[in-house]
Each structure stands twice: as C-alpha cells, then as structure tokens.
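Now for the letters of each chain:
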Amino acid sequence: MPRGTPVEIGGKVFQKKGEARDFIDSIRTSYDPGDSVSAEDTSFLLKAINSHPDYDTKFPSPVTSFFVGLAEIYNTKCLFAQMENGTSVQFSGKSLVPVKKRK
Amino acid sequence: MMSQEFIDEIFENEVLPYALDLRQETVRAGLDGVNFDEKTLLSLAQWHDLLFAGSILTQSESPKHLEIALRIATGAVIAQDDGLVRDAGAVLLDKLGNSRAQHLAEKRELIAPNLEARLGSRMLIDAVRRDVENSVLIQHSGERLPANNFQQELWSKASDQSVWVSASAPTAAGKTYIVGTFLHDQVLSKGFQYILYLAPTRALVGEVQRDLNERFKNEPSVSTSSMPLPSAYLEARRRSGAVIYVLTQERIHLLVNALGKEAKFNLLIVDEAQKISDRRRGVILQEAVDRVIEIQPSIQVIFISPSTANPAVLLNDKPTSTRGDTVDSSTPMVLQNIITVQQSRGKKFDVGLLVNSEIHPLGGIDLKSSPSSLKKRTAFVAAEIGTSGGTLVYVNGAAEAEDVAQLIRDYIQPSEDKNPHPDLIALSDLIRRGVHPKYSLAELVLAGVGFHYGNMPALVRSETERLFSEGKLRFLVCTSTLIEGVNLSCRNIVVRDPRKGKNTPMTPHDFWNLAGRAGRWGTEFQGNIICIDPFKGGAWQDGIPERTLYTIQPERDRSLAQRDRFTDYVKGMNHISEAENTDDESKTFAPVAASLLSKFLVGGSLSSTVLKNRYPPDYLEALDQKFEELSIEVTLPSSIMERHPGLNPLGLQRLLIAFQEYKRDPSNLIILRIGDDRVYSRLSTVFNRITDAMGSAFGSEKQATLYAVIVLKWLQGMTLPRIIEDRIKNNRERGGKTPIPTIIRETLDLVQNIARFNAPRYLSAYEDILSFHLNNIGKTELIDDDLDIGTALEFGVSSRTLLSLMSIGVSRMTAVEVFEKIADDELDERGVVNWIRSRSEELEGLGFPMLMIEELRRVALIKENTSKEE
C-alpha cells in the first residue's frame, strides 16, 4: 500500500503528490527551450493551473497556450503560460501541486 | 638611353660610398624629439655630385636605384639650405614621376615658388614633356591627371576591357586613389554600368564606399551600395543607370544568392586580393570571384594587392579565352627609415638608424618619467618622438590599445591644449552617444589621442581615421585591424614586439605591410618605423624582419598542392565534425574540402570547373570519386550548398537529418521573429541544434544563451549603448566583478563576431534547409518569406525602415538613433529620404550628435540628386 494521499490535478489522479510533481516536471524537461507544448499537455496544464495558489494574480488574462522557455536569470528550463492579452508568465510546475498546510 | 652598365657604375662609385650619410641627413630632417649627435655629414660639393648621380639613376628600372634617387631628391629638398640644391632636388622628384612630393616641397616653402621660371629653356621643355608623360588621360573630361609609373601602367592596361589585370605595389603607391579615379572615368566615359568592388573587410568597405560616394556625388544616375540587396541593381537596370556595389566576399554571395543568374556585372575589382591566401575566408573570397565569373564570363577583373611577389598567380583561374596582365611595382614613393630605440639607463634612450641589419647611432631621447612597464615604454617613446602628430602606435590587442592610449594622454597632458578642436568634441559626443558614456575613447580624443581596433562601430572608426589623417588626433594606437586593409598612413609608426592577434608571431610580410603605412605620399616626405628594443631574442624574436614581398598562395591551391594528404583528408571527412579540425592541417583543409565538395555537388565533377586548367585530370578524377562516395549521403539540393559557401555540405546534410528525425510539431523548428515571447529560448535551442550538426559554431549551451541574447538585441535594432548598459547591469546583478572597459570590449566583439558574422551565416543556412524540409513534408504554410535573416543580422535590423536607412548609406549607429524618431516602420528608401529632408532643419533640435546630423544630410543630399534625375 503506497504511502501518501491520492491527488487529482488537471483531471488526472496521481497516487502521491510526488508522482504529480514528477509528471509535471517531465513535461518541462521533455521539450527543448522555445518549444510549444503539445495539444495533450496543453489540455492537462490548462486544467492544472487552476490549482495554482495565486491563480488570479499570476494569470490575469485567460491562458491560451504553454511553452517551455529559459528562465531569465539562471537559464534553466521553465514552463511559461501565454495569455490572451499577449503577455506570457513563467510558473513553477511544483506550485500546481497543493502542499499540506502546517498546523 | 644610358646603358645599365653605366648606371650600375654610377651607383657603385658615386652613390654607395655616401649612402649612409645620405640616409642620416634625411632622417635628421624628419624625426622629432631626438637630441642628434652633432656632426656634418655631407658637404655642398657632395650634394652636387649626388644630384648628378641621382639624375642618372632615374633612368634605371631597378627599384634599388630608384629608391636611392628618391632619397637624394628628397634629401636635397628637406636637408639642405642651399636654394639651388633644393631646386635641383625638386626637378629630380619630377623626373621620378613624383610630382606630389614636388608640390609638397612648394607647399612647405622648401623651394621658392615658380620653379619653372627658374629652369632654362631646355629644362623647361623637358619638364613639360614629363608632365605629359607622367600623367593619365581622363577620358570623360579630357584632362590629364598626374600619375606615377605604377599608376600609369595600371591605367593603361586596365583600360582594355578584355584584359584581366593583377596589380601589386607598395602601400603608399596610390593604388586606391588611382583605382577610384579609373572607376569614375570608366563609368562616365565608357558606360560601365554594373560594377562589383570586393573589399575583404567591413572597414575597407566603408572607406571605399565613402570615397566613391564623394566621387559620384554629382552623378545622379550612378548609385553605390554596400548592402547586398538586389534593389540597387534592378533599379540601375530599370533606369539605364549605373550601380557600384562595394561588398565583402560574404556579402557578394548574399547578393548573388538574391540575384541568381541575373547577376551580370561588367567589372569586378578585388582589393587587398592577397587575402585569397587567408585561412577560411580565402576560399569564400575565391568562390565569390568564381561565382561572379561563372554567371558572366566576359567580366573584366582587376586584382589589387600590396607588394606581392607573384601577382600573376591571381590570374590563374581566368577563362582561357581571356588575356591577363600584371602591373608589378616595388618602387616606393616615399622614403622609409627604420629607427631603433633602446634604453641606455633610466629615462635615457639611445636612438639609431638600422641599415643592412646594423644600427648606426643617431642620438638620444630623454623621457620625462621612468618607463616602469613595457606598456609605458611604448607609450612614452611614442609620446616623445611623435609630438608633431601623425604617430601610429601598434599594439597586440584591444585592451592594450586602450591602456597605451591612456598612458600617452597622461604623458602629454600638461602640454595639452585646453580647448580641443570642435571636430574632436563632436567625435567625443558621438562616442558617448553611440558606444557608451564610459567608453574611454570619448575622453581620450579630446586630448588628441585615439585608439582603433576591429570591433569598433564603423562611424566611430571612420571618424577616428579621418581626424587622425587630418592631424587633429596626433596619436592613434591600433591593433592588427590596420594590416587587414584599412588605408591609413602615418608619419611615424611605433612598434615593439609586434604580433598578429595575441599570440601569432607577425610574418615579415605582415610587418612590412604595417610598416608600409609609414610615409604619407604627398603629405610627408618620409615615414619612420620606430622599433623599440630592437635586439633579437627579446621583443623581436627573430630581429627586425628584412623587407620582403608577400607570396600569394590561394588557400585552395595550398591545400590541393598537398595531394596525398589532402586526398586522405577528403576520404575521412564525413567522419569529422568541425570541432575536430583542431590541428593546423585540418583547419586549412576543412574549408577547402567543403568548398570543393559543394562545387562537385553543383557541377557533378571537378573536371568541369576552373580547376581543370591547372590540375592533372587523374587528381581531379580521384577527388571526384571520393566526393561521389560522400555525395551518396547528401540529399540536399546543390543550390543550397552553393548559397552557403564556407559551410560544410556534410554538416548541412546532418542538419537536414536532424529536422527529418524531429518527432514533435515542426513549427518548433522555426526561428521566431522579434515580438514572440519564445524567441530567446528558441534561438538558444537553434544554436545548440546547429552546433550538434555542424560542430562548434556556437560553443556550449551556456554560450548559446549568451549569444542568443546579443543576437536578439542586435536584431531588434537596439543601440549599442543599451546593449552594453544591459550587460553592465546584468554583471552587477549577478555579483560579477568584470570591469566596465572589459564589458564594453567584449560586447563590441560579440556584436561583430557572433551577431554580424557567425550567426548570419549559420542561421541563413538553417532557414534555407528548414524551408526545403517543410516543403518536403507539405508544411509550406510554416515557411516565412520575410527578410533574409542573414541580411537582417549582418546589418542589425528587423524593420523595413531601418533597412532602408542603411541601404541609402546611413551607418547603423545613426540609423537606430533616427529610427527612434520615425513612427512608420515600413518606409522604403524614398520614404526615409523624404523623412530626412522634411526634418532637415529640425535635426539639431531632435538631439542627435552633430556627426550623425552631418551624415544624414550628406546621404540625403546624394540621394536627392539621384531622385531629381528620375
């Protein structure tokens, strides 16, 4: 019996939060910087970003697509959301997996 | 005619015994800052004898005889007080076909005015005859232009349009001047319409274009362009006008790519043609010439090179039906002296004259401060000897150039004029606005000291050169860019431990190409090459090199000459990536093998190319066979190979395979344009993809990201100060400690070598191959027919308006400043000219530096004349 609580993100059920984090990270790493994310991954991410703790401030305009890009400072691969207002925003895949609040 | 035997006898008996004294006399009259040893060298009677001997030597064809005759003539004019001796010297200068030096003597009041009135009737008749003999006829005006022997011969031979000419002469022989005049005359008198002027460096392109613009400024039907865009050519055809393209070899390829078989030019001039020997770019130059000739075999070609031993080698690949001829002169038009300077103790230095490897003492100099470092030694000696201006100081790198220039300014500072010339103030302003407010050159030029290296923006460099030529900048510290074909001469050149780049020892020919700058024909009587610490083993590993002529060996010929080794290299070339070509031989063979493979793929056999005239059939067949085997793997069309000379066809093929094997959405392969948020990340990936397929073009992944940033900013049309400022800020934010001058130099280097050289070549090929692939897989909707990325990058523009500004001749630096004030980003050439004209009176108010305003008005005026014609 695996430890941890199953979690649903982006319409997909993961047995553990770690699994969810790995899955989202695999999206990030499987693309080259500058690549647009596939339709399948886009569909998942569109739902998954609803779990972002600061959804309203992070995505002020409806998200239309995603791409993998290089972060400004350290040039590491990151996920970016492209929004309807023409701007894009970098977000962390980890932030889409809810964390247990400490008592 | 005198017998050569008699001339030799006069030389041996009447001149040689006094040659050393003669040299010393002339040197003393033209070297500042030296306390000369007191002694009388030549008596008046000896001067009379020498002048007689000199007049006989003018009949000789030997460069050695003519050189000493020039020294006698010059010495008589500058080193003697006696009026008759000076007059005789001036007549001798005229007999040598050196009327420029004679005019200089008059201008400096070394001879009294109206020399002709003092000549007897016989001498006068002779002088008039010489005036006609020593000149060329300008056909379109009927006037005669004074010319030396080299210039006359070049003019006469090149006037036959069916002949290819290869001309070689020392640096100060007036090559560029006569070629410009010839071109002007040919266009106006014979109607040459479509002309290509190949200048191998961007610096030379700028210089030649400025000269031609000036010559043709009142000729509305003639346009010049340094942009490889077909519009100028097509426009000239439409209007039955003339066009002169001044382009590097890379830009010629871009132009021919755009024009295709339409590229039918009448005349091709190849300046600094010895660069056909250069590694890598030599092949690109040769291929540019080959391509132009293949399209128009009847084109006339004129090669120009400085002091080469074998100018005829450049005619080897002419069509068999075309005649070829050489013009080969090694006679100098100004005197050159090698002066040695070495420390005797502390601030005291001995000065000597080097003749036949022997140093003859002349005197000494006392420095104001102790030269505690080698940089200080160079700077202080230059400052002491070069006070009267025209002093060029050669150093081995950009950072050293900045340091030595600072030291010279510091050394001369107390005596400096506190009110700099307005032109220097204007240049300083331009540098602050166009490069960076903290660029040290801005402050230095106010003190009459400048530096000069390859990666500086064109407008700053050309203004620096102009103000140095005019004497407003007294010192110019430079690097090897100067050997790379910038026509800049000087009075003194100061040099210690010269190298080409940081570590490559300077060849004797390079040294003499540099030393040849000493002596401005028509401006100075002589030039001094001042060699510091002249002994073997130390600063001069092999001693000061003997004067030598450069042997041209085209890069392609050099490789093909090593038959067995080259064939072996070709055999294994499909297993070698560019990154593995590390040894000298591979580096030489790689571009040649790539170029020949392209030729094979285009024509199906090397035996049908120009090579067939010079290489044995069995050799070419053996190479054909190897290339046949290699070509089995190549599925890219040959037209793509032809469009990208210098890039390995096998590497290009690997790029195609990478595209074919790409499993994701092919739209991810496209190079995005400015404005897309993914553009930076995508470009980094594209650079890595190119490196994977083709070798080390863009280095590591980390480097690729740095390059992507620079390339995008450049492409965006960002000003240099902003690009530099961003890097300074970025360095600060990351806690970096790189000094600002280093960041400025690095940025200039990245812009020139990555954004303007490597990136355009590779990205242009990438897009071509990608278009081919997208066509094959039926994704034509993804192909963007926008402006060729190679052209956009080389000029650093991404909008139509910016490109139009640059194609009418405005420098990028000015273009990006002006673009900030123009709302419309789709203006064509006429549109930008109209904009400048309509704002002409407001330009000062818009805050542009004065030199930019002058440039805009100059360019708009030329274009205004052109449009009036229409």
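Rules used throughout
- Residues numbered from 1 in each chain as written.
- Chains lettered and ligands numbered in written order.
- Predicted model: local features only at pLDDT ≥ 70, side-chain atom pairs only at ≥ 80, totals over all residues.
- Helix = DSSP H or I, 4+ residues; strand = E, 2+ residues; numbered from the N terminus.
- Rg over C-alpha atoms; globule rule 2.2 N^0.38 Å.
- Buried ≥ 20, exposed ≤ 12 C-beta atoms within 10 Å, placed from the backbone.
- Contact = placed C-beta atoms within 7 Å.
- Nonpolar A, V, L, I, M, F, W, Y, C, P; charged D, E, K, R; others polar.
- Pairing = 2+ DSSP bridges.
- Axes fitted to C-alpha atoms, helices over the stretch in contact; angles between N-to-C directions.
- Core = buried A, V, L, I, M, F, W, Y, C linked by C-beta atoms within 7 Å.
- Expected span 1.5 Å × (residues − 1).
- pLDDT = per-residue confidence, 0-100.
- Parallel < 35°, antiparallel > 145°, perpendicular 65-115°, else oblique.
- Left-handed = near helix turned anticlockwise from the far one by under 90°.

Chemist: Is there a simple way to think about the overall build of chain B in this case?
Modeler: The number of helices and strands found in chain B is 35 helices and 20 strands. Its C-alpha atoms give chain B a radius of gyration of 28 Å, near enough to 29 Å, the size a compact globule of 870 residues would have. When its C-alpha atoms are laid out on the principal axes, chain B stretches across 90 × 65 × 60 Å. Relative to its full complement of 870 residues, chain B shows a buried share of 51%. Contacts in chain B between residues far apart in sequence, at least 24 positions, make up 72% of those at least 6 positions apart.

Chemist: What is the right way to look at the overall build of chain A in this model?
Modeler: A tally of helices and strands in chain A yields 3 helices and 5 strands. Its helices and strands taken in sequence order, chain A reads β-β-α-α-α-β-β-β from the N to the C terminus. Based on the C-alpha atoms only, the size of chain A along its principal axes is roughly 45 × 30 × 30 Å. A burial count over chain A gives 28% of its 103 residues as buried. In chain A, of all internal contacts separated by at least 6 residues, the share reaching a separation of at least 24 is 47%.

Chemist: In this structure, what is going on with the interface of chain A and chain B? I would like to understand it.
Modeler: Opposite the 13 residues of chain A that make contact, chain B presents 12 residues. Put simply, the parts of the chain that give the side of chain A that touches chain B at least two residues each are β3 (63-70) and β4 (77-83) of chain A. Top contributing element to the side of chain A that touches chain B by residue count: β3 of chain A, with 3 residues. Along the lines of polarity and charge, the residues of the side of chain A that touches chain B split into 4 nonpolar, 7 polar and 2 charged.

Chemist: Teacher, can you tell me more about the environment of Ser-156 of chain B here?
Modeler: The residue Ser-156 of chain B is located in helix α9 (residues 149-158) in this model. Put simply, Ser-156 of chain B and Leu-137 of chain B are 19 residues apart on the chain and 9.5 Å apart in space, counted from C-alpha to C-alpha.

Chemist: Explanation requested: the environment of Ser-321 of chain B in the structure shown.
Modeler: Examined against the element boundaries, Ser-321 of chain B turns out to sit in the loop between β9 (300-306) and β10 (323-328). Owing to 8 C-beta atoms within 10 Å, Ser-321 of chain B belongs among the exposed residues under this scheme.

Chemist: Help me out: how do you make sense of the sheet that holds β4 of chain A in this one?
Modeler: Hydrogen bonds along the backbone pair up the strands of a sheet, which may run parallel or antiparallel. Residue and element names in this part refer to chain A. With respect to topology, 3 strands assemble into an open sheet ordered β3-β4-β5, the strand pairing being antiparallel. A single partner strand is all that each edge strand has here, and the edge strands are β3 and β5 (88-91). In this sheet, neighbouring strand axes are inclined to one another by 30° on average, regardless of whether the strands run parallel or antiparallel.

Chemist: Explain the nonpolar core to me, please; I cannot follow it from the model alone.
Modeler: A general tendency of soluble globular proteins is for nonpolar side chains to be buried together. One finds Leu-268, Val-292, Ile-408, Ile-493 and Val-711 of chain B to be the most contacted residues of the largest nonpolar core, which totals 264 residues. When residues of this core are assigned to their parent elements, the largest contribution, 14 residues, is made by helix α30 (residues 740-776) of chain B. For Val-292 of chain B, the residues in contact, after removing those within four places along its chain, are Leu-196, Ile-252, Val-256, Ala-263, Phe-265, Leu-268 and Ile-299 of chain B. One finds Ala-20, Phe-44, Ile-49 and Phe-91 of chain A within the second-largest nonpolar core, a separate group that totals 20 residues.

Chemist: It is not clear to me how the pairing of strand β13 (residues 358-366) of chain B should be interpreted in this structure. Could you clarify?
Modeler: In summary, the side chains of a regular strand alternate between the two faces of the sheet. Residue and element names in this part refer to chain B. Pairing analysis gives 2 bridges linking strand β1 (residues 35-36) to β13, with the strands arranged antiparallel. Opposite Phe-36, over in β13, you have Gly-363 as the bridge partner. What sits between strand β12 (residues 348-355) and β13 in their antiparallel hairpin is a turn of 2 residues, with Asn-356 showing a positive phi close to 45°.

Chemist: Looking at this model, I keep getting lost on helix α15 (residues 374-385) of chain B. Mind explaining?
Modeler: Residue pairs three or four apart in sequence face the same way in an α-helix, which turns once every 3.6 residues. All names here are of chain B. Between its first and last C-alpha, α15 extends 17 Å over 12 residues, near the 16 Å set by a 1.5 Å rise per residue. Extensive coverage of α15 is indicated by the burial of 9 of its 12 residues. Regarding α15, the residues found buried are Arg-377, Thr-378, Ala-379, Phe-380, Val-381, Ala-382, Ala-383, Glu-384 and Ile-385.

Chemist: What is the right way to read the confidence of the model for chain A from this model?
Modeler: The predicted coordinates of low-pLDDT regions are not to be read in fine detail. When pLDDT is averaged along chain A, the result is 88, and 91% of the positions lie at 70 or above. Per-element confidence in chain A is highest for β3 of chain A, whose mean pLDDT is 95, and lowest for strand β1 (residues 7-9) of chain A, whose mean pLDDT is 88.

Chemist: Help me understand the confidence of the model for chain B in this model?
Modeler: In this model, chain B carries an average pLDDT of 88, and 96% of its residues clear a pLDDT of 70 or more. If you check the scores for this complex, the pTM reads 0.85 and the ipTM reads 0.91.

Chemist: Quick question: what am I supposed to make of the environment of Phe-819 of chain B here?
Modeler: Residue and element names in this part refer to chain B. As for its position among the elements, Phe-819 is in helix α33 (residues 812-819). Residue classification places Phe-819 among the buried positions, given that 20 C-beta atoms sit within 10 Å. Considering only alpha carbons, one finds Phe-819 and Gly-717, 102 residues apart in sequence, at a separation of 8.9 Å. Residues contacting Phe-819, with those up to four places away along its chain left out, are Gly-717, Thr-801, Leu-802 and Leu-805.

Chemist: Could you clarify how one ought to interpret the pairing of strand β5 (residues 194-198) of chain B in this entry?
Modeler: Residues and elements named next belong to chain B. By the criterion of burial, β5 is predominantly enclosed, with 5 of the 5 residues buried. Residues Tyr-194, Leu-196 and Leu-198 of β5 are buried on one face, and the alternating residues Ile-195 and Tyr-197, pointing to the opposite face, are buried as well. As judged from the 5 bridges shared by β5 and strand β7 (residues 242-247), these two strands associate in the parallel manner. Bridge pairing links Tyr-197 to Val-246 in β7.

Chemist: For this particular structure, what's the right way to read the sheet that holds strand β15 (residues 449-452) of chain B?
Modeler: All names here are of chain B. Pairing is mixed in the open sheet, where 9 strands are placed in the order β1-β13-β12-β11-β20-β17-β14-β16-β15. The strands lining the two open edges of the sheet, one partner per strand, are β1 and β15. As judged from the 8 bridges shared by β12 and β13, these two strands associate in the antiparallel manner. By the bridge assignment for β13, Phe-349 is matched with Ile-365.

Chemist: I'm lost on the packing of helix α3 (residues 44-57) of chain B against helix α5 (residues 83-95) of chain B in this one. Help?
Modeler: Helix-helix packing: each pair is described by the crossing angle between the helix axes and the interaxial distance. Residue and element names in this part refer to chain B. Here α3 crosses α5 at 15°, and the two axes come no closer than 10 Å. Considering their axes alone, α3 and α5 lie roughly parallel with respect to each other. As for the relative orientation of α3 and α5, their crossing is left-handed in sense. On the side of α3, the interface is formed by Trp-47, Leu-51, Gly-54 and Ser-55, while α5 contributes Val-85, Ala-88, Gly-89, Leu-92 and Lys-95. Its residues assigned to classes, the contact of α3 with α5 comprises 5 nonpolar, 3 polar and 1 charged.

Chemist: Would you mind showing me how to read the packing of helix α13 (residues 249-259) of chain B against helix α14 (residues 281-295) of chain B here?
Modeler: Residues and elements named next belong to chain B. The N-to-C vectors of α13 and α14 enclose an angle of 35°; their axes lie 8 Å apart at closest approach. Relative to α14, α13 is oriented so that their crossing is left-handed. For the pair α13 and α14, contact is made by Gln-249, Glu-250, Ile-252, His-253 and Val-256 and by Arg-281, Ile-284, Leu-285, Ala-288, Arg-291 and Val-292, respectively. Partitioning the contact of α13 with α14 into residue classes produces 6 nonpolar, 2 polar and 3 charged.

Chemist: What am I meant to see in helix α2 (residues 19-28) of chain B here?
Modeler: All of the buried residues along α2 of chain B are Leu-22, Arg-23, Gln-24, Glu-25, Thr-26 and Val-27 of chain B. On its buried face, α2 of chain B is in contact with α3, α4 (63-79), β11 (335-345), β12, β13 and β20 (526-532) of chain B.

Chemist: What is the right way to read unusual backbone geometry from this model?
Modeler: Most peptide bonds take the trans configuration, and most residues that are not glycine carry a negative phi. Residue and element names in this part refer to chain B. Even without being glycine, Asp-497 reaches a positive phi, approximately 50°. For Asp-497, the position within the fold is in the loop between β17 (492-495) and β18 (499-500). Look at Asp-533: it is not a glycine, yet its phi comes out positive at around 50°. Its place among the elements puts Asp-533 in the loop between β20 and α21 (555-560).

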